[in-house]
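Residues per chain are reported as follows:
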Amino acid sequence: MYKIAVLGDRDSIYGFSALGLDIYPAEAREEAARLLKKLADNAYAVIYVTEAMAQELESEIDEYRTRQWPAIIPIPGVSGNTGMGLRAVKKSVEQAVGSDIIFNN
């Protein structure tokens, strides 16, 4: 059975445990990179990563972009929305379709 994880700073992800998701708090980039690899290799189909953490782990996340799973999805943290999640969706749609059908830019 596949699982769902949430990776980021403790304040941003703590509430997801109430929904039954596995939370993995990380403050340092190295710790977060190690956790991301561990989660991706251990039957997690979806990994939510706070946008602030995803910006720090951009090269590691790119390694999983062409794989079927896990889906690594940026989410806003307590510091607010940076727009990274929307840019990631736009990029994925452009790769799949070959043009920008969402924003028509």
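Everything in this summary refers to the structure shown in the same document. (Residues numbered from 1 in each chain as written. Predicted model: local features only at pLDDT ≥ 70, side-chain atom pairs only at ≥ 80, totals over all residues. Heavy atoms only, no water.)

Looking only at helices and strands, the chain features five helices and four strands. Taken from N to C terminus, the helices and strands of the chain fall in the order β-α-β-α-β-α-α-β-α. In the chain, of all internal contacts separated by at least 6 residues, the share reaching a separation of at least 24 is 59%. Roughly 6500 Å² of accessible area belongs to the chain as shown, and the carbon and sulfur atoms make up 53% of that amount. (Helix = DSSP H or I, 4+ residues; strand = E, 2+ residues; numbered from the N terminus. Contact = heavy atoms within 4.5 Å. Areas by Shrake-Rupley, 256 points an atom, 1.4 Å probe, with all protein chains shown as cover.)

What follows concerns unusual backbone geometry. The omega torsion across W69 and P70 is 10°, close enough to zero to call that bond cis. Within the fold, P70 resides in the loop between α4 (58-64) and β4 (71-75). Unusually for a residue other than glycine, A43 sits at a positive phi of about 65°. The topology assignment puts A43 in the loop between α2 (29-40) and β3 (44-50). Accessibility expressed as a relative area gives 28% for A43, which makes it partly exposed. (Buried < 20%, exposed > 50% of the residue type's maximum accessible area, 1.4 Å probe, protein only.)

With that settled, consider the sheet that holds β3. Spatially, four strands are ordered β2-β1-β3-β4 in an open sheet, and the strand pairing comes out parallel. The open sheet has two edge strands, β2 (22-25) and β4, and neither has a second partner. With direction set aside, neighbouring strand axes in the sheet form an average angle of 20°. Summarising the sheet, strand β1 (residues 3-8) and β2 pair through four bridges and their orientation is parallel. Pairing of A5 across the sheet is with D22, part of β2. (Pairing = 2+ DSSP bridges. Axes fitted to C-alpha atoms, helices over the stretch in contact; angles between N-to-C directions.)

Next up on the list: the side chain of E60. Within the secondary structure, E60 is located in helix α4. In terms of polar contacts, E60 uses its side chain to reach the side chain of S59, at 3.1 Å. In this structure E60 touches R29, A33 and L36, once residues within four positions along its chain are discounted. (Polar contact = N/O pair within 3.5 Å; in protein donor to acceptor, adjacent residues only side chain to side chain.)

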